[in-house]
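Results of the structural survey
As a plain string of letters, each chain reads:
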Amino acid sequence: MGVPGLAISRLCKRYGPHTVLDDVSLTVRAGECLSLVGPSGCGKTTLLNCIAGYVRPDGGSIALAGRPIDDVPEHRRDTAMVFQSYALFPHMDTFENVAFGLRMRKVPKDEIRRRVLAALQMVRLEGRERSYPNQLSGGQQQRVALARALVLEPKVLLLDEPLSNLDARLREAMRFELRELQQKIRITAIFVTHDIQEAFVLSDRVAVMSAGRIEQVGTAAEIYEQAATEFVVTFVGPSNAFAGKVAALANGTADVLADGLRIRVPRDARVTPGAGVSVYVRPERISLTDRPTRPNSFPGRIERIAYLGGWIDYLVRVEGHLVRVQTVNHGKPIAVGAAVRIEWEVSDGICHLDRQSTERSATPR
């Protein structure tokens, strides 16, 4: 794979009795964009600040392009940060905001002008060199903050929820602009967000964090389709959950009894008869049909409908379960109270051992 863009090994950070980063290890490849996602307080911004040098970890190490940077001061780390608030100087125009870091580094004037104009062209702000922050839209201010980071020509670009202050439509547009720019210049980038869709659009890979630890790292498809833990399943998208016990194993599948339903799932190597499990099924993987053709097929009744434009969201009562089903809107939603049948493929079930079963399977016999 060659020299990594960034290598983090067993990083720890505590504030008093509270552990914010708990033995975090992560490799970011040179030229890739990796997103850190997770709920508020999971440690993703602290991890970003440790990489930048703003926060000193209590243990572990960080290497950039194969060289340790643990003792390197923040202004010499060859990283640049784009902050959530943009942190633009209100008394400086666009040119001076972008040039600020170069002036602090005593770069010659001619080179400053060349690099600032090139950075502004990169973010499509040509002609706004003399505009002040209060004369710019939110999207333009975000581009100024990005240009100010890029003009330093860092090895790693760090972005701490830079789109969170934009309205929904502009935020969606800026996701694609940022992704296009990162791919064009092939800069190594780490993007912090709590928005999983944003992470999926922007990233080559995603690292999901919870309580100071990394739960899973993978592509968007791997994270969504092959969630490694129950936390990842529920965090990255809506899912129906069925708690039950394994009743039988056969031909690479397992049958799970869950409050009146017999659900067939792909067999996990750790699953044994009698084990407690949770089965998760994404709403968009469930179909409504009057001609069942799949092993997982159950009668139910529509209890609620939500119209979502291109999608229809149904809540279906099946035995003792309320099952969410999301289907493409063909213009004729099924009425509340209608009898229906739901079904899904065996491969669409994500099965995880419950905690007690996991602990039992890990205990030597």
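The notes below deal with the structure included here.

Some points on the overall build of the protein chain
Within the protein chain one finds nine helices and 20 strands. A principal-axis box enclosing the C-alpha atoms of the protein chain has dimensions of 75 × 60 × 40 Å. The 365 residues of the protein chain split such that 47% are buried. In the protein chain, the share of contacts with a sequence separation of at least 24, taken over all contacts with a separation of at least 6, comes to 65%. In the structure as shown, the protein chain presents an accessible area of about 18,300 Å², 49% of it carried by carbon and sulfur atoms. Taking the average place of the 48 positive charges on the side chains of the protein chain and the average place of its 41 negative ones, the gap between the two points comes to 2 Å.

What about the pairing of strand S9 (residues 205-210)?
With six of six residues buried, S9 lies mostly within the body of the structure. Taking every second residue as pointing to the same face, both faces of S9 are buried, with Arg205, Ala207 and Met209 on one and Val206, Val208 and Ser210 on the other. Of the strand pairs in this sheet, S9 and strand S10 (residues 213-218) are connected by five bridges, and their pairing is antiparallel. When the sheet's bridge partners are listed, Met209 is paired in S10 with Ile214. Remark: two residues form the turn of the hairpin made by S9 and S10, two consecutive strands paired antiparallel; Ala211 in that turn has positive phi of roughly 50 degrees.

Topic: a nonpolar patch on the surface
Side chains of Leu308, Trp311 and Val328 sit close together on the surface and give an oily, nonpolar patch of about 270 Å² of accessible area. By secondary structure assignment, the location of Val328 is in strand S18 (residues 321-328). Exposure remark for Val328: the relative accessible area of 46% places this residue in the partly exposed category.

Notes on the nonpolar core
The nonpolar side chains of a soluble globular protein tend to be buried with one another. Judged by nonpolar contacts, the single largest core of 36 residues is most densely connected at Val98, Val116, Leu146, Leu157 and Leu159. The element that contributes the greatest number of residues to this core is helix H4 (residues 138-150), accounting for six residues. Excluding residues that lie within four positions of it along the chain, Leu159 makes contacts with Leu48, Val82, Leu146, Leu178, Ala189, Ile190, Phe191 and Val192. If you look at the next biggest cluster of nonpolar residues, it comprises 27 residues, including Ala258, Ala275, Val277 and Val340.

Description of the environment of Arg115
The topology assignment puts Arg115 in helix H3 (residues 109-122). A residue is classified by how much of its surface remains accessible, and Arg115, at 11% relative accessible area, is buried. Distance in space between the C-alpha atoms of Arg115 and Glu153 is 9.3 Å, their sequence separation being 38 residues. Discounting residues that sit within four places of it in the chain, Arg115 has contacts with Leu102, Val107, Val151, Leu152 and Glu153. Polar side-chain contacts of Arg115 include one of 2.8 Å to the side chain of Glu111.

Quick word on the environment of Arg285
With respect to the element layout, Arg285 can be found in the loop between strand S14 (276-281) and strand S15 (287-289). Expressed as a C-alpha distance, the spacing of Arg285 and Asp348, which sit 63 residues apart in the sequence, is 6.6 Å.

Description of H4
Spanning 13 residues, H4 covers 18 Å between terminal C-alpha atoms, matching the ideal 18 Å at 1.5 Å per step. Where H4 is concerned, the buried positions are Gly139, Gln140, Gln142, Arg143, Val144, Ala145, Leu146, Ala147, Arg148, Ala149 and Leu150. On the buried face of H4, the contacting elements are strand S6 (79-82), helix H2 (94-104), H3, strand S7 (156-160) and helix H5 (168-185).

Details of the packing of H2 against H4
With their axes 7 Å apart at the nearest point, H2 and H4 run at an angle of 30 degrees to one another. In this view, H2 runs roughly parallel relative to H4, as classed from their interaxial angle. By crossing handedness, the relation of H2 to H4 is classed as right-handed. Contacts from Thr94, Asn97 and Val98 of H2 reach H4 at Val144, Ala147 and Arg148. Among the residues making up the contact of H2 with H4, the classes are represented as three nonpolar, two polar and one charged.

Rules used in this analysis
- Residues numbered from 1 in each chain as written.
- Predicted model: local features only at pLDDT ≥ 70, side-chain atom pairs only at ≥ 80, totals over all residues.
- Heavy atoms only, no water.
- Helix = DSSP H or I, 4+ residues; strand = E, 2+ residues; numbered from the N terminus.
- Buried < 20%, exposed > 50% of the residue type's maximum accessible area, 1.4 Å probe, protein only.
- Contact = heavy atoms within 4.5 Å.
- Areas by Shrake-Rupley, 256 points an atom, 1.4 Å probe, with all protein chains shown as cover.
- Lys, Arg positive; Asp, Glu negative; His and termini not counted.
- Charge placed at Lys NZ, Arg CZ, Asp CG, Glu CD.
- Pairing = 2+ DSSP bridges.
- Patch = residues over 30% accessible without salt bridge, like charges linked within 9 Å, V, L, I, M, F, W, Y side chains within 5 Å.
- Salt bridge = Lys/Arg side-chain N within 4 Å of Asp/Glu carboxyl O.
- Core = buried A, V, L, I, M, F, W, Y, C linked by side-chain atoms within 4.5 Å.
- Polar contact = N/O pair within 3.5 Å; in protein donor to acceptor, adjacent residues only side chain to side chain.
- Expected span 1.5 Å × (residues − 1).
- Axes fitted to C-alpha atoms, helices over the stretch in contact; angles between N-to-C directions.
- Parallel < 35°, antiparallel > 145°, perpendicular 65-115°, else oblique.
- Left-handed = near helix turned anticlockwise from the far one by under 90°.
- Nonpolar A, V, L, I, M, F, W, Y, C, P; charged D, E, K, R; others polar.

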